[in-house]
Amino acid sequence: MIKFKNIASVKNRSILREMVATDFRVRYQGSVLGYAWSVLRPLFLFAILYVVFVKFLKVGNGIPHFPVYLLSGIILWTFFVEATSSAMSSIVGRGDLIKKINIPRYLVVLSSLFSALINLFLNLIILFIFAILSHVPLQGSWLLIPLLIIELFMLSLSLGFILSALFVKYRDASYIWEVLLQGGFYATPILYPLARIPFKFQKYLMLNPLAQIVQDFRWCFVTHQTTNSWNVSVKYFTIFPILIIIILIIVATKYFKAQSPYFAENI
Amino acid sequence: MQENIIEVNKVTKVFAKQSGAKKIKEKFLGLEKVFTKKQKNNNSFVALDNISFSVKKGEFFGIVGRNGSGKSTLLKILAGVYSPSKGSVTINGSLTPFIELGVGFNPELSGRNNVFLNGALLGFTRKQIIEMYDEIVEFAELENFMEEKLKNYSSGMQVRLAFSVAIRAKSDILLIDEVLAVGDAAFQRKCFDVFKKIKKEGKTVVFVTHDMGAVQEFCDRAIMIDSGKLVTIGKPREVALKYEVANSGSQDIELGKNSRPINSDLALKGVALKGAKNGFLKYNEDVTLEVTLEAFKKISIQLNLFILKRDGTYLTGYNTIKDVAPLVPDIGIHKLTCRIEKNQLNKGVYFIGVAAYTYDASLAKDEAPVLLDILDLAYGTKVPMITVEDNSKTSNGEFNLKAEWKL
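Conventions adopted
Residues numbered from 1 in each chain as written. Chains lettered and ligands numbered in written order. Predicted model: local features only at pLDDT ≥ 70, side-chain atom pairs only at ≥ 80, totals over all residues. Heavy atoms only, no water. Axes fitted to C-alpha atoms, helices over the stretch in contact; angles between N-to-C directions. Helix = DSSP H or I, 4+ residues; strand = E, 2+ residues; numbered from the N terminus. Left-handed = near helix turned anticlockwise from the far one by under 90°. Contact = heavy atoms within 4.5 Å. Nonpolar A, V, L, I, M, F, W, Y, C, P; charged D, E, K, R; others polar. Pairing = 2+ DSSP bridges. Salt bridge = Lys/Arg side-chain N within 4 Å of Asp/Glu carboxyl O. Buried < 20%, exposed > 50% of the residue type's maximum accessible area, 1.4 Å probe, protein only. Parallel < 35°, antiparallel > 145°, perpendicular 65-115°, else oblique. Polar contact = N/O pair within 3.5 Å; in protein donor to acceptor, adjacent residues only side chain to side chain.

Would you explain the packing of helix α6 (residues 105-133) of chain A against helix α7 (residues 145-169) of chain A in this entry?
Helix-helix packing is characterised by the crossing angle of the two axes and by the distance between the axes. All names here are of chain A. At a closest axis distance of 10 Å, the pairing of α6 and α7 adopts a crossing angle of 145°. Seen from above, α6 lies across α7 with right-handed handedness. Side by side, α6 and α7 meet where Y106, V109, L110, L113, F114, L117, L120, L124 and F128 of the first sit next to I145, I149, F153, S156, L157, G160, F161 and S164 of the second. The residue inventory of the contact of α6 with α7, partitioned by class, reads 14 nonpolar, 3 polar and no charged.

Below you can see the structure in the form of structure tokens.
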């Protein structure tokens, strides 16, 4: 079902483009500042966190460029939350389409992922500007960032497929996912540096693909002092997050493929 | 023999009756039942039951049936929106569903953006839409409104825009679900013209409708579905006839709620068509009806022969007083005929009824005579149906009004 050839067909590309464009056009409908909000929103959010965590709590003492370090974690996490949540409700939310027309169902999920991806890119641009202003040195490891973004995208996409199909049958999924996201937020070193937690727990935390992505991103982008997936204490733990993502992709493809013929009648 | 472009093979569709999302809680509670006793599953509803048929290339194929008969489910299975529970559907070609006009229309977007969105969903590439954009706008007659948001459009404007996009579809098969039910008369005319053009182009069309006139005008073949079962397949006029017969006693027009009066003087035995086969006749053909009655007593009566519309409403009638007054039949069975002249009834489906009243010349004008007996849909009796096939191009409505204009 989800063959690259199909996704890239002219017809499907047109559908995808129009759906993403519609999402984007409709999102800030009726607001005075319009599209500017997609940049302003994360900026304001970051300003608050900066004041709380850098000025008052001072959690990042000893870490170079901690504001950038903090911001990168927040941006990646924001994408993950936005992508999975919007993907989850995408099939049900687009019920009008699903019930009337036989477009490939995965396009609906993909379009919500791409909408989130556009926001991620806008946020990354801010992050880069911010990094340059904070004199973060240009490093060769920046080139690895696209790989991490792809990994994050694949993780969110596979979860998005599973959640969207589950949500059609069980609306409880949204509440459960909300709780899991809350837990995940604290299980991932976003607001705190990994070094702040006891050493023996660090390696277990790094099994979480999101923790791995966030830490590796910081290693590549901000400072090589960061604990990353290949300098974590237990070596074979390095491949664990990747393994989780591969399993998720397989499960997601199978489950979504099995469920999608019944979306129209179950919505 | 032309090839089959659509093949429907023993399709059955079962829906779970409990619609909407199930709660996980119920799943857990359900487990308990599995352990105690295997419950008989009666929570399902069979929407389609073992349906098989095929559509040939270039055919205009009708699907008729009452509300809830399963015809829309069938169309959705053809469109690939639903998948059959059993059986299979084979489609040899590209397909555009017109299950609803304006799929994906977003009220917050401009007319222009909606054209691109809707077009993409119907399978056009961006380039194709750019090429035909001007034609679409022109056909919809919305040149000055394309930058307006769709929510500021009237519903008629929205339909026009949606239709203009939809008719550009270049696919081999079109699925049309009662598109004709929307829009005003002028718009419906436009739809019909487009259908005629599509038919000429040799495209395959599957058309779901209640409108027996449209079925007979456009379709090459049709099927009728009732309660999920295929009742009949064949020529449109035969299917239309079956449909009308099946529906003449249907509940949705509240027929048969009255009971015939009982009297010992006279009984109407029947009313039948003479000549016209199966009740089909041409606009320019006379039709003769034969009324059979039995008189038990020699009394003065009058008969009123009347024409009912398809929904059972009274259209017009012709009383014996106009020709013979009073009518005093001898005791016994009598056959009377009444000829309705040609060039009066326009294209459509009608029922013929007859009523017998007492005749009393001394009655005041506003006093009603006593109803002796009646054959009428509303009294639950079988009455003949006539289908007038041709139409005079210049008239509309049920019958041809004879009048004259002067300048």
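From this point, the discussion proceeds with the structure in view.
Where do I start with the sheet that holds strand β3 (residues 60-65) of chain B in this structure?
One key point about sheets: their strands pair by backbone hydrogen bonds, in either a parallel or an antiparallel sense. All names here are of chain B. Within the open sheet, the 6 strands sit side by side as β5-β6-β7-β3-β8-β9. Their pairing is mixed. For this open sheet the edge positions go to β5 (95-98) and β9 (229-234), each flanked by a neighbour on one side alone. Put simply, the sheet's adjacent strands are angled 15° from each other on average, direction ignored. Examined bridge by bridge, strand β8 (residues 221-226) and β9 share 5 bridges and lie antiparallel to one another. Within β9, the residue paired with M224 across the bridge is T232. In this fold helix α2 (residues 71-79) packs onto β3, β5, β6 (173-177), β7 (204-209) and β8, with an angle of close to 155° to the strand it touches most, β6.

What exactly am I supposed to notice about the pattern of salt bridges here?
Two side chains carrying opposite charge are able to pair once their charged atoms lie near each other. Residue and element names in this part refer to chain B. For the structure shown, the criterion picks out 15 salt bridges over all chains. Linking D265 and K297 is a salt bridge whose minimum nitrogen-to-oxygen distance equals 3.6 Å. Placement of the pair is D265 in the loop between α8 (236-248) and β10 (266-274) and K297 in the loop between β12 (287-295) and β13 (301-308), with a sequence separation of 32 residues. On the accessibility criterion, K297 (46% relative accessible area) is partly exposed.

Honestly, unusual backbone geometry in this entry has me stumped. Any pointers?
The general pattern is negative phi for most residues beyond glycine and trans for most peptide bonds. All names here are of chain B. Positioned with a positive phi, K10 is a non-glycine residue whose angle comes to about 50°. If you trace the backbone, K10 turns up in strand β1 (residues 4-16). The exposure class of K10 is exposed, given its relative accessible area of 53%. Even without being a glycine, E141 presents a positive backbone phi close to 55°. Position of E141 relative to the elements: it lies in the loop between α4 (126-140) and α5 (155-166).

Explain the packing of helix α3 (residues 111-121) of chain B against α4 of chain B to me, please; I cannot follow it from the model alone.
Residue and element names in this part refer to chain B. Remark: α3 packs on α4, axes separated minimally by 10 Å, with the N-to-C direction vectors making an angle of 130°. In terms of orientation, α3 lies oblique with respect to α4. You can see that α3 and α4 cross each other, and the crossing is right-handed. Contacts between α3 and α4 pair R112, V115, F116, G119 and A120 from the former with R126, I129, I130, Y133 and I136 from the latter. For the contact of α3 with α4, a count of residues per class yields 7 nonpolar, 1 polar and 2 charged.

How should the interface of chain B and chain A be read in this particular structure?
Many structure descriptions define interface size as the accessible area lost when the parts assemble. Counting from both sides, the interface comprises 34 residues of chain B and, opposite them, 31 residues of chain A. Inspection of the chain B/chain A interface yields 2 salt bridges. Ionic pairing is found between E265 of chain A and K13 of chain B, a salt bridge with its closest N-O pair at 2.6 Å. Counting the contacts that link chain B with chain A gives 3 residue pairs in polar contact (both at pLDDT 80 or more). When residues of the side of chain B that touches chain A are traced back to their parent elements, those giving at least two are β1, α1 (24-36), α2 and α3 of chain B. If one sorts the elements of the side of chain B that touches chain A by residue count, α3 of chain B sits on top with 5 residues. Classifying every residue of the side of chain B that touches chain A by side-chain character gives 17 nonpolar, 8 polar and 9 charged.

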